[in-house]
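Residues per chain are reported as follows:
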Amino acid sequence: MKKSEIMGYLVYAILFAMAILVGIFVVRPIMTDYGSYAPMEPIVFLIVAIVVGIVLNAAFIELGHFVGAKIGHYKVYFLTCLWLGWKEKEGKMRFGAQGFDGFLGETKIAPKNDKSNPKPFIYMPLVFFLIEVIAGVVLIAISTSYAEGPEANLTWEWYKLLGIVILTCGGIVYVYDIFPAALDSKNDGYLLTVLTNKTNIEAYNDLLSAEYKIYKGEKTEGNKIYDKVTNFTSRINAISTAAAIEDGDYAKAIAIVDKTIACKDDVSSFIYEDACADKVSLLLLSGKEEEGRKEYISYPLEVKKHIASMSTPAAVRTYILVSGLIDESKGELEGAISKVDAVLKKGSEQTRASDTKLVKDAIKLVLERHPDWDLSAYNLNLGEEQKPSSDEKAASDAPEVASDAPTPEKTQENDEKAPAEEKDKGEDQQ
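Remarks on the overall build of the chain
Helices and strands together make up the secondary structure of the chain, namely 17 helices and 4 strands. Scored against the burial criterion, the 430 residues of the chain give a buried share of 44%. The long-range share in the chain, meaning contacts at least 24 apart out of those at least 6 apart in sequence, stands at 67%. As displayed, the chain has an accessible area near 22,300 Å², and 57% of this comes from carbon and sulfur atoms.

Below, the structure written as structure tokens:
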């Protein structure tokens, strides 16, 4: 299990505890003692208050991100809040429903120049939350005075509850957003721990620029490659690795991966082990089978366990290659193929196209070695890629690579023929 997933569960436990405590010690007493004074059905009022709290706080966070981006000299090309928002398409911002990577929304930005500073982007949501807290406290104070004054109006107890529920929703949203660790969705707290020096700010802007190029469908060439690799700069190097692979320059890709391996003490064990897996797969895919075999055999048990976990695109394609070329185990290969789709979907969006290509290349290479292995039960989709229509492209971010569902029309003969044709094609190109 990734550290981000563990921290995510911890944060969700904290948020759940906050909600339960407010429900028991604040909401329940008011509903019990003042239910007859509610301006509408008590449960309906509570539901409305929760919905208002969620929508208001989601809007405040993304509004803060938008204002902070403008202050920090960034271009906003994607902004969504609760599945509704704007995104750049063909040079214009268009409104519609869309997914996001965040707790309640997401704002994607790109630096305009070398002076772009991401700190306002992080801090402005907190400014809006401060405004919300002040407004909420004023509402609670006014409601309390009217409910307890000489001409007491107990209906105001419910408006006090409205303020409390909105602030509770805000507390839940902002605890997640400012939690100082990487979580299962994007949060500003992680960026606060990373952007502590000029080098990391420069790396962050490089990452944003690369993401914007990928969003527009442009090549990510020309990105800076970091010799001093950290957990953060490894993400920029990974995009440069994917660009090198797209150009067919495996030597350059391996050289970039080697930088992460050389900085073993400066990155997490997870990133180091994934880089080791990446190197083995690139060696094997580039035709350096003996070197790749020796590299794999030399790895300690921890790295081999990471590869066997098949929890990342690098690990699963390495396991495919090891199963087919080194261990020559058809059963292990089938187990790896059955996990490919799920692993690719969980991988980085910025390198998904490269990861998908490498997995397909790995399976092709294994089938060239073992043309007698019957994998007709899997929709491997190893042939030439057909250019999707605009509707198909919009419907899917990444093509399926493997599935447990059998494909009747794909026979063993076709499985054996495809690798042979690819091999002949490769020899012609050489």
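Considering the layout of surface pockets
The volume enclosed by the second largest pocket comes to roughly 310 Å³. If you trace the second largest pocket, you find 15 residues lining it, with Asn113, Asp114, Glu202, Asn205 and Asp206 closest to the centre. Here the element with the most residues in the lining of the second largest pocket is helix H6 (residues 198-216); it accounts for 7 residues. Of the residues assigned to the lining of the second largest pocket, the class counts are 2 nonpolar, 6 polar and 7 charged.

Section: the confidence of the model for the chain
Looking at the chain as a whole, the pLDDT averages 86, with 86% of positions reaching at least 70. Segment residues 383-430 is flagged for pLDDT under 50; beyond a separation of four residues in sequence, or across chains, it makes 61 contacts in the model.

Digging into the pairing of strand E2 (residues 84-89)
With 4 bridges joining them, strand E1 (residues 74-81) and E2 adopt antiparallel strand pairing. From the neighbouring strand, Phe78 faces E2, where its bridge partner is Lys87. Between E1 and E2, which pair antiparallel one after the other, the connecting turn spans 2 residues, and Leu82 there sits at a positive phi close to 55°. Bridging between E2 and strand E3 (residues 92-97) involves 6 bridges; their strand directions are antiparallel. By the bridge assignment for E3, Trp86 is matched with Phe95. What sits between E2 and E3 in their antiparallel hairpin is a turn of 2 residues, with Glu90 showing a positive phi close to 55°.

Looking at a nonpolar patch on the surface
Taken together, the side chains of Met40, Ile43, Val44, Ile47, Val48, Val51, Val52 and Val55 make up a nonpolar region of the molecular surface, amounting to roughly 620 Å² of accessible area. Among the structural elements, Val55 can be located in helix H2 (residues 42-71).

Things to note about the sheet that holds E3
Taking strand neighbours across the sheet as the criterion, the 4 strands line up as E3-E2-E1-E4 in an open arrangement whose pairing is antiparallel. Each edge of the open sheet carries a strand with a single partner, namely E3 and strand E4 (105-111). For this sheet, the mean angle separating the axes of adjacent strands, direction not counted, is 30°. Strands in contact with H6 are E1, E2 and E4; relative to E1, the strand with the most contacts, it is inclined by about 70°.

Things to note about the packing of aromatic side chains
Tallied over the entire structure, the rule returns 13 aromatic pairs. When the ring of Phe129 is compared with that of Tyr174, the centres are 4.2 Å apart and the planes differ by 25°; the resulting orientation is stacked. Taken together, the residues span a long stretch of sequence, with Phe129 in helix H3 (residues 119-148) and Tyr174 in helix H4 (residues 156-178) at a distance of 45 residues. Judged by centre distance (6.0 Å) and plane angle (35°), the rings of Tyr204 and Phe232 are tilted. On the criterion of sequence distance, the pair formed by Tyr204 in helix H6 and Phe232 in the loop between H6 and helix H7 (233-246) is long-range, its members being 28 residues apart.

Observations concerning the packing of H6 against H7
Here H6 crosses H7 at 35°, and the two axes come no closer than 9 Å. In this structure, H6 crosses over H7, and the sense of that crossing is left-handed. Two secondary-structure elements touch here, H6 through Ala203, Asp206, Leu207, Ala210, Glu211 and Ile214 and H7 through Thr233, Arg235, Ile236 and Ile239. Class assignment for the residues of the contact of H6 with H7 results in 6 nonpolar, 1 polar and 3 charged.

Quick word on the nonpolar core
Membership of the largest hydrophobic core comes to 48 residues, with the highest contact counts inside it found for Leu282 and Ile320. Elements that contribute at least two residues to this core include exactly H7, helix H8 (250-262), helix H9 (269-285), helix H11 (301-309), helix H12 (313-326), helix H13 (330-337), helix H14 (340-346) and helix H15 (352-369). For this core, the element with the highest residue contribution is H9, accounting for 9 residues. Ignoring sequence-local partners within four residues, the contact set of Leu282 consists of Ile245, Tyr250, Ala253, Ile254, Val257 and Leu358. Counting 20 residues, the second largest nonpolar core, distinct from the first, contains Tyr74, Phe121, Leu191 and Phe232.

What to know about H3
Its 30 residues give H3 an end-to-end C-alpha distance of 44 Å, which sits within 8% of 44 Å, the value for a rise of 1.5 Å per residue. Looking at the buried residues of H3, the elements they touch are H2, E4, H4, helix H5 (188-194) and H6.

Quick notes on the packing of H11 against H12
Helices that pack against each other are described as a pair by the angle of their axes relative to one another and the distance between those axes. Following both chains from N to C, one finds H11 and H12 inclined at 95°, their axes separated by 7 Å at the closest point. With respect to their mutual orientation, H11 and H12 come out roughly perpendicular. Of the residues in H12, those touching H11 at His306, Ile307 and Ala308 are Ala315, Thr318 and Tyr319. Looking at the contact of H11 with H12, its residues break down into 4 nonpolar, 2 polar and no charged.

A look at H9
Between its first and last C-alpha, H9 extends 24 Å over 17 residues, near the 24 Å set by a 1.5 Å rise per residue. Burial analysis of H9 places 14 of its 17 residues in the buried class, which makes it a mostly covered element. Of the residues flanking the end of H9, it is Gly287, one or two places downstream, whose phi is positive at about 90°.

Concerning the pairing of E4
E4 sits mainly inside the fold: 7 of its 7 residues count as buried. Going residue by residue along E4, you find Gly105, Thr107, Ile109 and Pro111 tucked away on one face and Glu106, Lys108 and Ala110 tucked away on the opposite face as well. Of the pairings in the sheet, the one linking E1 to E4 comprises 7 bridges and is antiparallel in character. Bridge assignment links Val76 to a residue of E4, and that residue is Ile109.

Conventions we followed
Think of each chain on its own: its residues are numbered from 1, step by step along the sequence as written. Residue-level local features of this predicted model are given only where pLDDT is at least 70; pairs of side-chain atoms are given and counted only at 80 or more, and the full residue set underlies all totals for whole chains, interfaces and linings. Note that the side-chain values use all heavy atoms of the structure and ignore hydrogens as well as water. Where helices and strands are cited, they refer to DSSP runs of H or I of at least four residues and of E of at least two residues respectively, numbered from the N terminus. Partly exposed describes any residue whose relative accessible area lies between the buried limit of under 20% and the exposed limit of over 50%, with all areas from a 1.4 Å probe on protein chains only and scaled to the type maximum. Residue contacts follow a heavy-atom distance rule, with two residues in contact if any of their heavy atoms lie within 4.5 Å. The Shrake-Rupley method, run with a 1.4 Å probe sphere, supplies the accessible areas, and residue values consider only the shown protein chains as cover. Here a cavity is any set of points on a 1 Å grid over the protein atoms alone where a 1.4 Å probe fits but cannot get out, and a pocket is any open set with protein on both sides within 12 Å along at least 5 of 7 lines; a residue lines the site when it has an atom within 4 Å of a point. Grid points are joined across faces, edges and corners, and a volume is the space filled by probe spheres set on the points. Put simply, Ala, Val, Leu, Ile, Met, Phe, Trp, Tyr, Cys and Pro go in the nonpolar bin, Asp, Glu, Lys and Arg in the charged bin, and everything else, Gly too, in the polar bin. Per-residue confidence from the predictor is reported as pLDDT, a score between 0 and 100. Criterion used throughout: strands pair if DSSP finds at least two bridges between them. Exposure above 30% relative accessible area and no salt bridge define the residues that can form patches, which grow by joining like charges within 9 Å and nonpolar side chains of Val, Leu, Ile, Met, Phe, Trp and Tyr within 5 Å. The salt bridge criterion pairs a side-chain nitrogen of Lys or Arg with a carboxyl oxygen of Asp or Glu, the two atoms within 4 Å. Only the stretch in contact is used when a helix axis is fitted, and all axes are lines through C-alpha atoms; the angle between N-to-C directions ranges over 0 to 180 degrees. Pairing of aromatic rings covers Phe, Tyr and Trp, the last through its six-membered ring, and needs centres within 6.5 Å; plane angles under 30 degrees mean stacked, over 60 mean edge-to-face, and all others mean tilted. Should the near helix be turned counterclockwise from the far one by less than a right angle, the crossing is left-handed, whereas a clockwise turn marks it as right-handed. Residues belong to one nonpolar core when they are buried, are Ala, Val, Leu, Ile, Met, Phe, Trp, Tyr or Cys, and are joined through side-chain atoms within 4.5 Å. One fewer than the residue count of a helix, multiplied by 1.5 Å, yields its expected span. Any angle that falls under 35 degrees is termed roughly parallel, while one over 145 is termed roughly antiparallel, one within 65 to 115 roughly perpendicular, and all others oblique.

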